[in-house]
Amino acid sequence: MPRIAYLGPEGTFTEQAVRQLLTDVASAELVPAESVAAALDAVRSGERDAACVPIENSVEGSVTSTMDALADGAPLVAVAETMLPVRFDILVRPGVRAEDVRTVTSHPHALAQVRRWLSVHLPEAAQSATTSTSAAAVAVRDGNADAAVCAPLAAERYGLDVLAGQVADVEDAVTRFLLVRRPGEVPAPTGADRTTVVVVTGDSVGSLARVLNEFALRGVNLTRIESRPIKGSFGEYRFFLDFGGHVGEAHVGEALAALRRHCQDVRFLGSFPRADEGGSSGSDEAFTDAAAWLADIRSGGRA
Ligand SMILES: O=C(O)C(=O)Cc1ccccc1
């Protein structure tokens, strides 16, 4: 039975995401991890077969701890993604009323997404951060905080009361999650895939423009570009690039090979079916035709 780590403790949005990702949840063992880094390290060491981690949110942006943990350490690759609409429950110990709440705690992305609600309904409460929304539920259950901003699974799991349900400052906020494994077989192209890489361009004029140009030239559509500092080297950055398409497609393969030539470092983080509407980008047909034409010339054909 595959053992799949997720950002725990149990009841997080990430648990909800992994349940949504697996076609047959009953045939997997879901194991909570203390942090995203711990979940990924458990996959690297072989202790777990895969990990589900949050990667970005439509309100708060990237989950930087996930990005850093994917860019450092032994390579891992994403094999699937899913998106969850996120709305929060504000949880308290049974009987606690809004006027009793002095402290409120949660994952920083959760606090940020209910900031306005908190400023209206719990304006006096001091805020503190936890490693996940369920870690906040544990803190409230154990009396270490008065209110927690949680995922819908948490109230029942931790025996807490819902002070307010379905809270979100921004309607339709969505979080994207990845299912990550050790490098192995890449999922087959579906025609609507996403690929993700991390590149270090090097410090020279136009180096990022050159990278972006390789995509533009081949009609590859970028869906995300983010930079993160390379720790320990002030002023140096790595770029996370997501784009439509699959490494198995000729035009995407060519673009990646070009990055490999131009960049100091390129790490492939996976090609997998897209969870949103977007299709693959560019046309693979023209590239496969051209490759066949060239092969023909080289082998002395009439072209
Ligand atoms: O803490 C959780 O429940 C997570 O899965 C991370 C997270 C936090 C806030 C919004 C979406 C996901």
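The structure presented is a predicted model; accordingly, all values stated were derived computationally and were not measured.

Conventions we followed
Residues numbered from 1 in each chain as written. Predicted model: local features only at pLDDT ≥ 70, side-chain atom pairs only at ≥ 80, totals over all residues. Heavy atoms only, no water. Pairing = 2+ DSSP bridges. Helix = DSSP H or I, 4+ residues; strand = E, 2+ residues; numbered from the N terminus. Axes fitted to C-alpha atoms, helices over the stretch in contact; angles between N-to-C directions. Contact = heavy atoms within 4.5 Å. UniProt positions renumbered as here; feature names shortened; annotations may be inferred. Domains from an automatic or database assignment. Buried area = accessible area lost by both parts, 1.4 Å probe. Salt bridge = Lys/Arg side-chain N within 4 Å of Asp/Glu carboxyl O.

1. Considerations on the sheet that holds strand β15 (residues 265-273)
Thinking step 1. Across the sheet, which stays open at both edges, the 4 strands sit in the order β13-β14-β12-β15 with antiparallel pairing between neighbours. Two strands close off the open sheet at either side, each with one partner strand: β13 (222-229) and β15. Each strand of the sheet is rotated relative to its neighbour by a mean of 15°, with strand direction disregarded.
Thinking step 2. Bridging between strand β12 (residues 193-200) and β15 involves 7 bridges; their strand directions are antiparallel. Residue pairing across strands places arginine 194 opposite phenylalanine 272, the latter belonging to β15.
Thinking step 3. In this fold helix α3 (residues 64-71) packs onto β12, β13, β14 (237-244) and β15, with an angle of close to 80° to the strand it touches most, β13.

2. Looking at the UniProt feature "domain: Prephenate dehydratase" (unreviewed entry) in the chain
Thinking step 1. As annotated by UniProt and renumbered to match this structure, "domain: Prephenate dehydratase" (unreviewed entry) occupies residues 3-182.
Thinking step 2. In the segment residues 3-182, helix accounts for 29% and strand for 34%; the C-alpha atoms at its two ends are 13 Å apart.

3. Brief notes about the sheet that holds strand β6 (residues 88-92)
Thinking step 1. Across the sheet, which stays open at both edges, the 5 strands sit in the order β8-β7-β9-β6-β10 with mixed pairing between neighbours. Edge positions in the open sheet fall to β8 (126-129) and β10 (161-167), since each of these has one partner strand only. Adjacent strand axes in the sheet meet at a mean angle of 20°, parallel and antiparallel pairs treated alike.
Thinking step 2. In this sheet, strand β9 (residues 147-150) lies alongside β6 in antiparallel orientation, the contact comprising 4 bridges. Considered in β9, the bridge of isoleucine 90 is made with valine 149.

4. Side note on the domain arrangement of the chain
How big an interface is tends to be reported as the loss of accessible area on association of its parts.
Thinking step 1. As assigned here, the chain comprises domain 1 (1-85 + 170-184), domain 2 (88-167) and domain 3 (186-303).
Thinking step 2. A separation of 23 Å is found between the C-alpha centroids of domain 1 and domain 2.
Thinking step 3. Each partner contributes to the interface: domain 1 provides 18 residues, whereas domain 2 provides 17 residues.
Thinking step 4. Summing both sides of the interface, domain 1 and domain 2 together bury roughly 1400 Å²; the carbon and sulfur share of this comes to 58%.
Thinking step 5. Summed over the shared surface of domain 1 and domain 2, the result is 2 salt bridges.
Thinking step 6. Arginine 157 serves as the salt-bridge partner of glutamate 15, at 2.7 Å between the closest nitrogen and oxygen.
Thinking step 7. Looking at the side of domain 1 that touches domain 2, the elements that each hand over two or more residues are α1 (13-21) and β4 (61-62).

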